Amino acid sequence: MLKFLFGQKTGPVAKIETQRETFVRLAEELNEAIAAMADKPEMTLNLNTGGIEFKLPDQFPDEALALPAPVKEEEEKTAEAA
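**Some details on the pattern of salt bridges**
A pair can form between side chains of opposite charge whenever their charged atoms are brought close.
Logical step 1: For the structure shown, the criterion picks out 3 salt bridges.
Logical step 2: A salt bridge links R25 to E17, with the shortest nitrogen-to-oxygen separation between them at 2.9 Å.
Logical step 3: Residues R25 and E29 are paired through a salt bridge, measuring 3.5 Å at the closest nitrogen-oxygen approach. In this pair, R25 and E29 both sit in helix α2 (residues 19–36), 4 residues apart, roughly one turn of the helix.
Logical step 4: Salt bridges here are not isolated pairs; linked through shared partners, they connect E17, R25 and E29.

Dropping the structure here:
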């Protein structure tokens, strides 16, 4: 009677990745993202934790297209005084 509700489930099925597949995919995506950047970040490998730390540029190209950040009150006062 309720076979139409609970029967035949169609739709996307999530693929289960192994840890190796996940790591390889993430490394490839990270390398592609870094290769596409005009200003490459400085990378440091922390041997104690095994982590990678990035020193990012002050501004990314897509952030340059965004509206400027609102000016703080202190900056407005110093600008008016000058």
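**Description of a nonpolar patch on the surface**
Logical step 1: A cluster of nonpolar residues, L30, M43, L45, L47, I52, F54 and L56, forms a patch on the protein surface that exposes about 720 Å² of accessible area.
Logical step 2: Of all the secondary structure elements, the ones that give two or more residues to the nonpolar patch are β1 (42–46) and β2 (51–55).
Logical step 3: Within the fold, L56 resides in the loop between β2 and α3 (61–64).
Logical step 4: Classification of L56 as partly exposed rests on a relative accessible area of 48%.

**Comments concerning the pairing of β2**
Logical step 1: Relative to β2, β1 runs antiparallel, the two sharing 5 bridges. Bridging from a neighbouring strand, E42 pairs with K55 of β2.
Logical step 2: In sequence, β1 turns back onto β2 through a hairpin of 4 residues, with G50 there showing a positive phi of about 80 degrees.

**Let's talk about the confidence of the model for the chain**
Logical step 1: Of the residues in the chain, 70% reach a pLDDT of 70 or more, and the chain-wide mean stands at 81.
Logical step 2: Across the chain, α2 holds the top mean pLDDT of 94, while helix α4 (residues 73–81) sits lowest at 66.

What counts and how
- Residues numbered from 1 in each chain as written.
- Predicted model: local features only at pLDDT ≥ 70, side-chain atom pairs only at ≥ 80, totals over all residues.
- Heavy atoms only, no water.
- Salt bridge = Lys/Arg side-chain N within 4 Å of Asp/Glu carboxyl O.
- Helix = DSSP H or I, 4+ residues; strand = E, 2+ residues; numbered from the N terminus.
- Patch = residues over 30% accessible without salt bridge, like charges linked within 9 Å, V, L, I, M, F, W, Y side chains within 5 Å.
- Areas by Shrake-Rupley, 256 points an atom, 1.4 Å probe, with all protein chains shown as cover.
- Buried < 20%, exposed > 50% of the residue type's maximum accessible area, 1.4 Å probe, protein only.
- Pairing = 2+ DSSP bridges.
- pLDDT = per-residue confidence, 0-100.

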